[in-house]
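# Fold and geometry: a report
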Amino acid sequence: MEIKGTAVQNTPDYIKEFYPSRFFEWLQLLPPSSKRIFEQPIYSTGWYNLVNSVIIPTQKAGDLFFDGNHKNAAWEIGRYGAEVTLKGVYKIFLKVCCPHYLLSKASCIYSTYYKPSDIKVLDCTDKSCVLQLAQFKQDELLIMERIAGWLTQTLEITQKKAQSVDIHTEALNGEFISTITVKWNNAPMTTPRDS
């Protein structure tokens, strides 16, 4: 599986923003196949091996900054990716956009980031969305946590809070098929100033 360069850039950018003094420590932990990617310019339109450019770097971030919890690292980097990607004019649009409309377009959005991939929206209502992601290999499945983090932050940008996020993966004829189910409440989020 390959991933678009814009998504690859989120991992080093996240570390530079939240752990700037430890960026080179993280870089040194990477195996040569991953380290080479981050020692060169990352091209936003380029395609990179998913394991070397995202999975291994996320695992090393998990080892350093999340007490070895790779899933938490992937989730937080995914949230960060949504915040960075959906900023500016997009963020203003998303605040008035219905989350189910945005998430119903997820298969189009994600298909531009992963190749080859088979990403479908199985169901989308005004309070939930079910995505199915296929053609990912077992050593690439950590990406599902990152996608779930991205979805959660996207909901928050639309002023909704995820009530539950469930990731289910099964093997079918040697291929892994993951389903991510996100449910939210339509009541707008409140901030301390709102209450």
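All of the points below concern the structure found in this document. (Residues numbered from 1 in each chain as written. Predicted model: local features only at pLDDT ≥ 70, side-chain atom pairs only at ≥ 80, totals over all residues. Heavy atoms only, no water.)

### Describing the overall build of the protein chain
In terms of helices and strands, the protein chain carries ten helices and seven strands. Counting only residues that meet the buried cut, the protein chain has 46% of its 195 residues in that class. Look at the contacts in the protein chain between residues 6 or more apart in sequence, and 66% of them connect residues 24 or more apart. Counting every atom, the protein chain has about 10,000 Å² of accessible surface; 52% of that belongs to carbon and sulfur. (Helix = DSSP H or I, 4+ residues; strand = E, 2+ residues; numbered from the N terminus. Buried < 20%, exposed > 50% of the residue type's maximum accessible area, 1.4 Å probe, protein only. Contact = heavy atoms within 4.5 Å. Areas by Shrake-Rupley, 256 points an atom, 1.4 Å probe, with all protein chains shown as cover.)

### Considerations on the packing of aromatic side chains
A complete count under the given rule lists nine aromatic pairs for this structure. Relative to Tyr-19, the ring of Tyr-14 has its centre 6.3 Å away and its plane inclined at 55°; by these criteria the two rings are tilted. On the basis of relative accessible area, Tyr-14 is assigned to the buried category, the value being 5%. Here Tyr-19 falls in the partly exposed class, since its relative accessible area comes to 23%. Seen from their ring centres, Tyr-114 and Phe-136 are 5.6 Å apart, and the 70° between their planes marks the pair as edge-to-face. (Phe/Tyr/Trp six-rings, centres within 6.5 Å; stacked < 30°, edge-to-face > 60°.)

### Overview of helix α6 (residues 70-85)
A rise of 1.5 Å per residue sets the reference length of α6, with its 16 residues, at 22 Å; its end C-alpha atoms lie 22 Å apart and thus fit the reference within 8%. Residues of α6 that are buried include every one of Ala-73, Ala-74, Ile-77, Gly-78, Arg-79, Tyr-80, Gly-81 and Ala-82, and no others. For α6, the side-chain oxygen to backbone nitrogen distance between the N-cap and Lys-71 is 3.2 Å, and the N-cap itself is Asn-69. (Expected span 1.5 Å × (residues − 1). Polar contact = N/O pair within 3.5 Å; in protein donor to acceptor, adjacent residues only side chain to side chain.)

### Focus on the pattern of salt bridges
Enumeration according to the criterion identifies four salt bridges in this entry. In this structure, the salt-bridge partner of Arg-79 is Glu-156, at a minimum N-O distance of 3.2 Å. With a gap of 77 residues between them, Arg-79 in helix α6 and Glu-156 in helix α10 (residues 143-157) connect regions that are remote in the sequence. Given a relative accessible area of 18%, Arg-79 falls into the buried group. (Salt bridge = Lys/Arg side-chain N within 4 Å of Asp/Glu carboxyl O.)

### Comments concerning the nonpolar core
Grouped together as the largest cluster of nonpolar side chains are 50 residues, with contacts concentrated most on Trp-26, Leu-50, Tyr-114, Phe-136, Ile-143 and Ile-147. Among the elements that make up this core, the one with the highest residue count is helix α5 (residues 50-65) (eight residues). Excluding its chain neighbours within four sequence positions, the residues that come into contact with Phe-136 are Met-1, Leu-50, Tyr-114, Leu-141, Ile-143, Met-144 and Phe-176. (Core = buried A, V, L, I, M, F, W, Y, C linked by side-chain atoms within 4.5 Å.)

### Some details on unusual backbone geometry
Residue Pro-116 follows Lys-115 across a cis peptide bond; omega there is -15°. One non-glycine residue, Asp-67, adopts positive backbone phi at about 50°.

### Remarks on the sheet that holds strand β1 (residues 2-4)
A sheet is described by the order of its strands in space; here three strands give the open sequence β2-β1-β3, paired in antiparallel fashion. Strand pairing shows two members of the sheet lacking a second neighbour, β2 (47-49) and β3 (114-115), which therefore form its edges. Contacts from α5 reach β1, β2 and β3 within the one sheet, and its direction differs from that of β2 by about 65°. (Pairing = 2+ DSSP bridges. Axes fitted to C-alpha atoms, helices over the stretch in contact; angles between N-to-C directions.)

### Some details on the packing of α6 against α10
Packed helices, taken two at a time, are described by the angle between their axes plus the distance between the axes. Where α6 meets α10, the closest approach of the two axes is 6 Å, and the angle between their N-to-C directions is 45°. Judged by the inter-axis angle, α6 sits oblique to α10. α10 is crossed by α6, and the crossing has right-handed handedness. Across the interface between the two elements, Lys-71, Ala-74, Trp-75, Ile-77, Gly-78, Arg-79, Gly-81, Ala-82, Glu-83 and Thr-85 of α6 pack against Glu-145, Arg-146, Ala-148, Gly-149, Trp-150, Thr-152, Gln-153, Thr-154, Glu-156 and Ile-157 of α10. Tallied by class, the residues present in the contact of α6 with α10 amount to seven nonpolar, seven polar and six charged. (Parallel < 35°, antiparallel > 145°, perpendicular 65-115°, else oblique. Left-handed = near helix turned anticlockwise from the far one by under 90°. Nonpolar A, V, L, I, M, F, W, Y, C, P; charged D, E, K, R; others polar.)

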